[in-house]
Amino acid sequence: MREGLLHHVEIYVTNLEQSESFWGWFLEEIGYQSYQKWEEGQSWKVGEIYLVFVQVENKYLDVPYHRKRTGLNHLAFHASSRERVDEMTRMLKERGINILYENQHPFAGGDEYYAVYFEDPDRIKVEFVAPPL
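The structure presented is a predicted model; accordingly, all values stated were derived computationally and were not measured.

Peer 1: Would you mind going over the pattern of salt bridges in detail, with residue names and values included?
Peer 2: Close approach of charged atoms lets side chains of opposite charge pair. Going through the model one piece at a time under the given rule, you end up with 7 salt bridges. For Glu119, the salt bridge is made with Arg67, and the minimal N-O distance between the two is 3.1 Å. In this pair, Glu119 sits in strand E7 (residues 115-119) while Arg67 sits in the loop between strand E4 (49-55) and strand E5 (74-78), placing the two residues 52 residues apart along the sequence. You can call Glu119 buried: its relative accessible area is 8%. Taking the shortest distance from any N to any O, the salt bridge between Glu87 and Arg84 comes out at 3.0 Å. One end of the pair, Glu87, and the other, Arg84, are both in helix H2 (residues 82-94), 3 residues apart, so they sit about a helical turn from each other. Salt bridges here are not isolated pairs; linked through shared partners, they connect Glu29, Arg84 and Glu87.

Rendered as structure tokens:
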């Protein structure tokens, strides 16, 4: 194992069922496999890295997530190609998932940066980005 690689990321969600549906589809589409499941959570793993989603306790639901507050802004995932970004964009739209910066898509990150940006059920921004040409 290479020192410094991420081991896992744990994200608390407001509705575990919705998050499992959203993240399960997306993560499995890009090569993750279901890893652990328990009453309050679910994880998916690729290689030695895994993502964990846990149901937030009711007493902490009073302040909703916002990516502009302190904490996580977004998660970005590598895509194998620009064509794969286009394919993912079509699949996201078919699922009714909100595409961010649609008026600038797929160059919202700049003229050389090809990606699709979208949101999970808690409005956490997700990015799927092609390698540079």
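Peer 1: Outline helix H1 (residues 16-29), supporting the account with residue identities and numerical values.
Peer 2: Over its 14 residues, H1 runs 19 Å from end to end, which matches the ideal 20 Å to within 8%, given 1.5 Å per residue. Where H1 is concerned, the buried positions are Leu16, Ser19, Glu20, Phe22, Trp23, Gly24, Trp25, Phe26 and Leu27. One or two steps after H1, the chain reaches Gly31, where phi turns positive at roughly 105°.

Peer 1: Run through unusual backbone geometry, naming residues and quoting values.
Peer 2: Cis rather than trans, the peptide bond between His105 and Pro106 has omega equal to 0°. Positive phi, normally seen in glycine, also occurs at Tyr101, with a value near 55°. Considering the arrangement of structural elements, one finds Tyr101 in the loop between strand E6 (99-100) and E7. With a phi close to 70°, Arg123 is a non-glycine residue in the positive phi region. Along the chain, the position of Arg123 falls in the loop between E7 and strand E8 (125-129).

Peer 1: An account of the side chain of Thr89 is needed here, citing residue identities and associated values.
Peer 2: Relative to the helices and strands, Thr89 resides in helix H2. Thr89 gets classed as buried once you look at its relative accessible area, which sits at 5%. Dropping the residues within four chain positions of it, Thr89 is found in contact with His105 and Val116.

Peer 1: Just give me the short version of the nonpolar core, but keep the residues and values in it.
Peer 2: With 28 residues, the main nonpolar core has Trp23, Phe26, Leu27, Phe53, Phe77, Phe118 and Phe128 as its most contacted residues. Every element with two or more residues in this core is listed here: strand E1 (8-13), H1, E4, E5, H2, E7 and E8. Once you skip the residues sitting within four places of it in the chain, Phe77 turns out to touch Trp23, Phe26, Leu27, Ile30, Tyr32, Leu51, Val126, Glu127, Phe128 and Val129.

Peer 1: Before we move on, can you summarise the sheet that holds E7 with the specific residues and values?
Peer 2: Strand pairing within a sheet occurs via backbone hydrogen bonds; the two strands may be parallel or antiparallel. Taken in spatial order, the 4 strands make up an open sheet running E5-E8-E7-E6, and their pairing is mixed. The open sheet has two edge strands, E5 and E6, and neither has a second partner. Where E7 meets E8, 5 bridges bridge the pair, whose relative direction is antiparallel. Bridging across to E8, Tyr117 finds its partner in Glu127.

Reading the values: the criteria
Residues numbered from 1 in each chain as written. Predicted model: local features only at pLDDT ≥ 70, side-chain atom pairs only at ≥ 80, totals over all residues. Heavy atoms only, no water. Salt bridge = Lys/Arg side-chain N within 4 Å of Asp/Glu carboxyl O. Helix = DSSP H or I, 4+ residues; strand = E, 2+ residues; numbered from the N terminus. Buried < 20%, exposed > 50% of the residue type's maximum accessible area, 1.4 Å probe, protein only. Expected span 1.5 Å × (residues − 1). Contact = heavy atoms within 4.5 Å. Core = buried A, V, L, I, M, F, W, Y, C linked by side-chain atoms within 4.5 Å. Pairing = 2+ DSSP bridges.

All we've got here are geometric facts, nothing functional implied.
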